[in-house]
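# Secondary and tertiary structure notes
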Amino acid sequence: MRNRPDALRQIRSIDDLASSAPKRLFALSPNDALVQISLPLVLILAIMTRLMVIGQSMSEQAESPAILEMWKQLLIYRIDQVMNDWEVSAELRAFPDASRIQWEGTLPQDVRFQTLCSESQTLNDPTAFQLDIYDQALTPDTAKEGAQWVLYDPLSSVIPPGVDTMPSEALITAERRAYALSHISDRLLQWQQQVEELQWATVAEVAFRMPLDAAPEGEGASSELRTILSELAGKGYPFLERILREYEVTP
């Protein structure tokens, strides 16, 4: 019983604290409340300003990774455009496999396949074809003058306007040139493999439709295949030199 007054006093003190808390929380003046609200906004603005300053300083650095990456994206994009155009004009996309070739009798009768065989002759000199694609990618598009970022390679035959005032990040160095040419080379190899497969399949189909004459093993079959390749060339289907050399056919 002697402890009851102490317990009552503790309960009253808790009640007093609870009843006084709202009054203390809302005892701020309008100016104090405004300061409390504006401080976070000021802090956010300060952080944003700092980020803008950092971003601007990065863009002004010639060796910024973001700037250096831009030339790669732009040049590869232009190279792919040039190569995509060739695929369309050469009718390569029309022949994902040999089943698309049109036939009449024992020989193909397909204008698109004739176009592909003729245009694919550039694959006989892949190095020259590679450089031609590269130069086309570096050639400024006059239809979009002012809308393109000009790139310049001192080793290329393409000399764009304003070379003297060109920023350093627009210069294609030896390392960048090697990267771009490697990208082209990889795709040229894919083209060559695709065309060779189509042409080998064509030879096999002609041989199937026109059975080989009975002859001694070896030379007779090779002679007949050389005849097939020559006849195809005469009908407007020139094959790649690698295939012709296989059977000693003169290109």
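Here is what the cut-offs are and how they apply
Residues numbered from 1 in each chain as written. Predicted model: local features only at pLDDT ≥ 70, side-chain atom pairs only at ≥ 80, totals over all residues. Heavy atoms only, no water. Helix = DSSP H or I, 4+ residues; strand = E, 2+ residues; numbered from the N terminus. Buried < 20%, exposed > 50% of the residue type's maximum accessible area, 1.4 Å probe, protein only. Areas by Shrake-Rupley, 256 points an atom, 1.4 Å probe, with all protein chains shown as cover. Contact = heavy atoms within 4.5 Å. Polar contact = N/O pair within 3.5 Å; in protein donor to acceptor, adjacent residues only side chain to side chain. Salt bridge = Lys/Arg side-chain N within 4 Å of Asp/Glu carboxyl O. Core = buried A, V, L, I, M, F, W, Y, C linked by side-chain atoms within 4.5 Å. Axes fitted to C-alpha atoms, helices over the stretch in contact; angles between N-to-C directions. Parallel < 35°, antiparallel > 145°, perpendicular 65-115°, else oblique. Left-handed = near helix turned anticlockwise from the far one by under 90°. Nonpolar A, V, L, I, M, F, W, Y, C, P; charged D, E, K, R; others polar. Expected span 1.5 Å × (residues − 1). pLDDT = per-residue confidence, 0-100. Phe/Tyr/Trp six-rings, centres within 6.5 Å; stacked < 30°, edge-to-face > 60°.

### Things to note about the overall build of the protein
Counting secondary structure elements, the protein contains eight helices and two strands. Seen in sequence order, the protein has helices and strands lined up from the N terminus as α-α-α-β-β-α-α-α-α-α. Counting across all 251 residues of the protein, residues that qualify as buried make up 28%. Carbon and sulfur atoms form 57% of the exposed surface of the protein, whose accessible area is close to 16,700 Å².

### A short note on the environment of Met83
Position of Met83 relative to the elements: it lies in helix H3 (residues 65-89). If we skip the residues at most four places from it in the chain, Met83 touches Ile133, Ile184, Arg187, Leu188 and Trp191.

### A short note on the side chain of Thr202
Position of Thr202 among the secondary structure elements: in helix H6 (residues 174-209). Here the side chain of Thr202 touches Leu198 through a polar contact of 2.8 Å, landing on its backbone oxygen. For Thr202, the contacting residues outside a window of four places in its chain are Ile101, Trp103, Pro108, Phe113, Leu232 and Phe239.

### Notes on the pattern of salt bridges
In the structure shown here, the tally under the stated rule is seven salt bridges. Close ionic contact of Arg187 with Glu87 constitutes a salt bridge, the shortest N to O distance being 3.2 Å. Highlighted residues: Arg187 in helix H6 and Glu87 in helix H3, separated in sequence by 100 residues. We note that Arg187, like Glu87, is buried. Note that Asp153 is salt-bridged to Arg177, the shortest N-O span being 2.6 Å.

### Some words on the nonpolar core
One recurring pattern in soluble globular proteins is that nonpolar side chains are buried together. Counting residues in each nonpolar core, the largest one holds 44 residues, and the members touching the most others are Leu75, Ile79, Ile133, Trp191 and Phe239. When contributions to this core are tallied by element, the ones reaching two or more residues are H3, helix H4 (111-119), helix H5 (126-138), H6, helix H7 (219-234) and helix H8 (241-246). A per-element tally of this core places H6 first, with 10 residues. With residues up to four places along the chain from it excluded, the contact list for Leu75 reads Tyr134, Ala137, Leu138, Leu151, Ile172 and Ala180.

### Looking at the packing of H4 against H6
At a minimum axis separation of 11 Å, H4 and H6 run at an interaxial angle of 125°. By the angle between their directions, the pair H4 and H6 is classed as oblique. For the crossing formed where H4 meets H6, the hand is left-handed. Seen from H4, the contacting residues are Phe113, Leu116 and Cys117; seen from H6, they are Val195, Leu198, Gln199 and Thr202. Of the residues assigned to the contact of H4 with H6, the class counts are five nonpolar, two polar and no charged.

### Quick word on H5
Given a rise of 1.5 Å per residue, 13 residues ought to cover 18 Å, and the 18 Å separating the end C-alpha atoms of H5 matches this to within 8%. Looking at H5, one finds that the buried residues are Phe129, Gln130, Ile133, Tyr134, Asp135, Ala137 and Leu138.

### Some remarks on the confidence of the model for the protein
Confidence in the prediction for the protein averages 78 pLDDT; 65% of positions are at 70 or higher. Per-element confidence in the protein ranges from a low mean pLDDT of 48 for helix H1 (residues 4-25) to a high of 98 for H4. Confidence drops under pLDDT 50 across residues 20-26; counting only partners more than four residues distant or on other chains, this segment forms one contact. This model gives residues 58-64 a pLDDT under 50, and the stretch forms seven contacts once residues within four places in sequence are excluded.

### Looking at the packing of aromatic side chains
Scanning the model with the defined rule gives five aromatic pairs in all. Measuring from centroid to centroid gives 6.1 Å for Phe129 and Trp191, while their planes differ by 40°, and the two rings are tilted. Placement of the pair is Phe129 in helix H5 and Trp191 in helix H6, with a sequence separation of 62 residues. The class of Phe129 is buried, set by a relative accessible area of 8%.

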